[in-house]
Amino acid sequence: MDRKTKRLLLLVVSCSLTGVILGGTSSWAESNLCLQAETVTSDCLTQDPINKTIQGMSTGLLAGAGAACGAAWNARHED
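So, a few notes on the structure that sits alongside this text. Here the structure is a predicted model, which is why all the values come from computation and not from measurement.

**Concerning the side chain of S27**
Okay, so step 1: Position of S27 relative to the elements: it lies in helix α1 (residues 3-35).
Okay, so step 2: Beyond its immediate stretch of four places on either side in the chain, S27 contacts K52, T53 and G56.

Quick look at the structure:
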C-alpha cells in the first residue's frame with residue numbers, strides 16, 4: 001500500500017469509529033431520557049434500548065465513512 005492509500009484508510013477508519021461512538025452514545029442517552037420522562041409513551045416502552053443503540057452506531061458508522069470520503073474527495077480536488 002502506498003502512502004496516500006494508508007492515509008485515506010486511516011481517515012475513513014477514524015471517522016467511522018468516531019461516528020460509531022457518537023451515534024451509539026446519543027442513541028443510548030435518548031433511550032434513557034425517553035424512559036425518565038414524566039409521561040412515558042408506548043413507543044418509548046416498546047423500543048429495546050440495545051437495538052436503538054445498535055441502530056445509532058450503524059448510522060454513525062455510515063455517517064463517519066461518508067464524511068471521510070467527502071473530505072478526501074474535497075481535498076483531492078483542491079490539489
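Once you've had a look at it, read on.
**Points about the state of the cysteines**
Okay, so step 1: Under the criterion given, the structure shown has 1 disulfide.
Okay, so step 2: Two residues, C34 and C44, share a disulfide whose sulfurs are 2.0 Å apart. Remark: C44 occurs in helix α2 (residues 42-46) and C34 occurs in helix α1; sequence separation between them is 10 residues.
Okay, so step 3: Overall, the relative accessible area of 6% leaves C44 in the buried class.
Okay, so step 4: Take C15: it sits in no disulfide, and the sulfur closest to it among the cysteines is that of C69, at 9.1 Å.

**Concerning the environment of G24**
Okay, so step 1: As for its placement among the helices and strands, G24 is situated in helix α1.
Okay, so step 2: Of the residues examined, G24 reaches a relative accessible area of 7% and is grouped as buried.
Okay, so step 3: Residue contacts for G24: discarding those within four places in its chain leaves T53, G56 and M57.

**Some words on the pattern of salt bridges**
Okay, so step 1: For the structure on display, the rule yields 1 salt bridge.
Okay, so step 2: Ionic pairing is found between E30 and K52, a salt bridge with its closest N-O pair at 3.7 Å. Taken as a pair, E30 in helix α1 and K52 in helix α3 (residues 49-78) lie far apart in primary sequence, 22 residues in all.
Okay, so step 3: Classification of E30 as partly exposed rests on a relative accessible area of 46%.

**Some details on the packing of α1 against α3**
Okay, so step 1: Look at α1 against α3: their axes get within 6 Å of each other, and the N-to-C directions meet at 150 degrees. Looking at the two axes, α1 sits roughly antiparallel to α3. Helix-helix and strand crossings are classified by hand; for α1 and α3 the assignment is right-handed.
Okay, so step 2: By residue class, the composition of the contact of α1 with α3 is 14 nonpolar, 10 polar and 2 charged.

**As for the layout of surface pockets**
Okay, so step 1: Counted as a void, the largest pocket has a volume near 420 Å³.
Okay, so step 2: Considering the residues around the largest pocket, the lining is formed by 11 residues, among which K4, R7, L8, A72 and R76 are closest to the centre.
Okay, so step 3: Of all elements in the fold, only α1 and α3 reach the threshold of two or more residues within the lining of the largest pocket.
Okay, so step 4: Class assignment of the residues belonging to the lining of the largest pocket gives a composition of 6 nonpolar, 1 polar and 4 charged.

Rules and cut-offs
- Residues numbered from 1 in each chain as written.
- Predicted model: local features only at pLDDT ≥ 70, side-chain atom pairs only at ≥ 80, totals over all residues.
- Heavy atoms only, no water.
- Helix = DSSP H or I, 4+ residues; strand = E, 2+ residues; numbered from the N terminus.
- Contact = heavy atoms within 4.5 Å.
- Disulfide = S-S within 2.5 Å.
- Buried < 20%, exposed > 50% of the residue type's maximum accessible area, 1.4 Å probe, protein only.
- Salt bridge = Lys/Arg side-chain N within 4 Å of Asp/Glu carboxyl O.
- Axes fitted to C-alpha atoms, helices over the stretch in contact; angles between N-to-C directions.
- Parallel < 35°, antiparallel > 145°, perpendicular 65-115°, else oblique.
- Left-handed = near helix turned anticlockwise from the far one by under 90°.
- Nonpolar A, V, L, I, M, F, W, Y, C, P; charged D, E, K, R; others polar.
- 1 Å grid on protein atoms, 1.4 Å probe; cavity = no way out; pocket = protein on both sides within 12 Å on 5 of 7 lines; lining within 4 Å.
- Points joined across faces, edges and corners; volume = space filled by probe spheres on them.

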